[in-house]
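A structural walkthrough
Okay, here's what each chain looks like letter by letter:
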Amino acid sequence: MDALGVDRVSVGYGNALIIEELSVAIPKHKITTIIGPNGCGKSTLLKTLVRVLRAKEGVVSLEGKAIHTMNTKEVAKRMAVLPQTAQAPSGLTIFELVSYGRFPHRKRMGRLSNEDYQYINWALEVTGLSDLRDKSANALSGGQRQRVWIAMALAQGTDILVLDEPTTYLDLAHQLDILLLLQRLNKEEGRTIVMVLHDLNHASRFSDYMIAMRDGAIVTKGEPNEVMTCHHLQKVFQIKAELTACPYSTNPVCLSYQLCETDAACKVR
């Protein structure tokens, strides 16, 4: 059974459709990354997967069950979400904000349990925030704040993690820290990771499965060596790319690229 399924889904804003009759499956226990140019529908697809947007037509399923038929707590116990932009209530410490990730598991007005504390402390530790736990979330840099949101998603303790550009605001070292953490969660704990990334080389290096989009449609999907080809990158991004093998994963990475010289050159069939 797939972790998430999209069956002939159409979705948009108002009367404008961004995605039309799109079907795709997100494999379980894998890292899946969605790539594509700005405005191609990546985040719209992700929002539809996590029920932020409701499909006008078609069905999104979570582990075989239509997601729109499930209550919010049931979904939140199975899937944690890191949106592209998130805003924290003012006056909270990092520990308090990360503890919100335990909300789906708590009884009404219930205190944090020992299990809750274990998840929160673990999430703070693996994201490098333990020493900052009592600091105000409002006083953080953009990179630190991003790690807090990731920690909150991890504290939720779900089998599926959905992240929209999780490396935003992070420097190179912290980007790598987060992606290696997600890879470790996948390899050691079998967690399903679904994310949108702009960095093609990170997407290829850390993914088991990739989905390439353009103009609201899927151009290609498959393992990184099937998606990261000169042909597909030209079709998706309108670039001519030079590829090589990543020394850390053996997956293809983009060594360099240039824009197509003419519009006609970019029209790859």
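Above this text you will find the structure in question.
A brief report on the enclosed structure follows. (Residues numbered from 1 in each chain as written. Predicted model: local features only at pLDDT ≥ 70, side-chain atom pairs only at ≥ 80, totals over all residues. Heavy atoms only, no water.)

Here the focus is the sheet that holds strand β6 (residues 79-82). As summarised here, the arrangement of the 6 strands in space is β6-β7-β8-β3-β9-β10, forming an open sheet in which the pairing is mixed. Either end of the sheet is taken by a strand with one partner, and the two such strands are β6 and β10 (217-222). The mean inter-strand angle of the sheet, taken between neighbouring strand axes irrespective of direction, is 15°. Bridging between strand β9 (residues 209-214) and β10 involves 5 bridges; their strand directions are antiparallel. The residue bridging M213 from the neighbouring strand is I218, located in β10. The sheet contacts of helix α6 (residues 172-189) involve β3 (31-35), β7 (160-164) and β8 (192-196), and relative to β8 the element is tilted by about 150°. (Pairing = 2+ DSSP bridges. Helix = DSSP H or I, 4+ residues; strand = E, 2+ residues; numbered from the N terminus. Axes fitted to C-alpha atoms, helices over the stretch in contact; angles between N-to-C directions. Contact = heavy atoms within 4.5 Å.)

A word on the sheet that holds strand β5 (residues 65-66). Sheet strands pair by backbone hydrogen bonding; their relative direction is either parallel or antiparallel. Here 4 strands make up an open sheet; going across it, the order is β2-β1-β4-β5 and the pairing antiparallel. Two strands in the sheet have a free side with no partner beyond their single neighbour: β2 (16-26) and β5. In this sheet, strand β4 (residues 57-62) lies alongside strand β1 (residues 4-13) in antiparallel orientation, the contact comprising 5 bridges. Pairing of S10 across the sheet is with E57, part of β4.

Here 2 bridges tie β4 to β5, and the two strands are oriented antiparallel to one another. Paired with L62 across the two strands is K65, which belongs to β5.

Positionally, K42 belongs in helix α1 (residues 42-49). Ignoring any residue separated from it by four or fewer positions in sequence, one finds K42 in contact with I34, I35, G36, P37, V196, H198 and M213.

Our next topic: the nonpolar core. Membership of the largest hydrophobic core comes to 46 residues, with the highest contact counts inside it found for V98, L161, L182 and M195. Tallying contributions element by element places helix α5 (residues 142-155) first for this core, with 8 residues. Among residues more than four places away in sequence, those in contact with V98 are I120, A123, L124, V148, A151, M152 and A155. One finds L53, L62, M79 and V196 within the second-largest nonpolar core, a separate group that totals 30 residues. (Core = buried A, V, L, I, M, F, W, Y, C linked by side-chain atoms within 4.5 Å. Buried < 20%, exposed > 50% of the residue type's maximum accessible area, 1.4 Å probe, protein only.)

Before going further, it helps to examine the pattern of salt bridges. Using the criterion set out here, one finds 9 salt bridges in the structure. Between E63 and R78 there is a salt bridge, with its nearest N and O atoms 3.4 Å apart. Of this pair, E63 sits in the loop between β4 and β5 while R78 sits in helix α2 (residues 72-78), and the two are 15 residues apart along the sequence. In this structure, R102 engages D116 in a salt bridge whose closest nitrogen and oxygen atoms are separated by 2.8 Å. (Salt bridge = Lys/Arg side-chain N within 4 Å of Asp/Glu carboxyl O.)

How two helices sit against one another is set out by the angle between their axes and by the gap between those axes. Following both chains from N to C, one finds α5 and α6 inclined at 10°, their axes separated by 12 Å at the closest point. Taken together, the axes of α5 and α6 lie roughly parallel to each other. Residues R147, I150 and L154 of α5 form the contact with α6, whose own contacting residues are H174, I178, L181 and L185. When the residues that make up the contact of α5 with α6 are grouped by side-chain class, the tally is 5 nonpolar, 1 polar and 1 charged. (Parallel < 35°, antiparallel > 145°, perpendicular 65-115°, else oblique. Nonpolar A, V, L, I, M, F, W, Y, C, P; charged D, E, K, R; others polar.)

This next bit is on α5. Compared with an ideal rise of 1.5 Å per residue, which puts 14 residues at 20 Å, α5 spans 20 Å between its outermost C-alpha atoms and is within 8% of the ideal. Most of α5 sits out of view: 12 of its 14 residues are buried. Every buried residue belonging to α5 is among G143, Q144, Q146, R147, V148, W149, I150, A151, M152, A153, L154 and A155, and all of these are buried. Residue G157 follows α5 closely and has a positive phi angle near 70°. (Expected span 1.5 Å × (residues − 1).)

Now for the packing of helix α4 (residues 114-126) against α5. Remark: α4 packs on α5, axes separated minimally by 8 Å, with the N-to-C direction vectors making an angle of 145°. Considering the relative orientation of α4 and α5, their crossing is right-handed. Residue-level inspection shows Y119, I120, W122, A123 and V126 of α4 in contact with α5, the latter providing A151, L154 and A155. Tallied by class, residues from the contact of α4 with α5 come to 8 nonpolar, no polar and no charged. (Left-handed = near helix turned anticlockwise from the far one by under 90°.)

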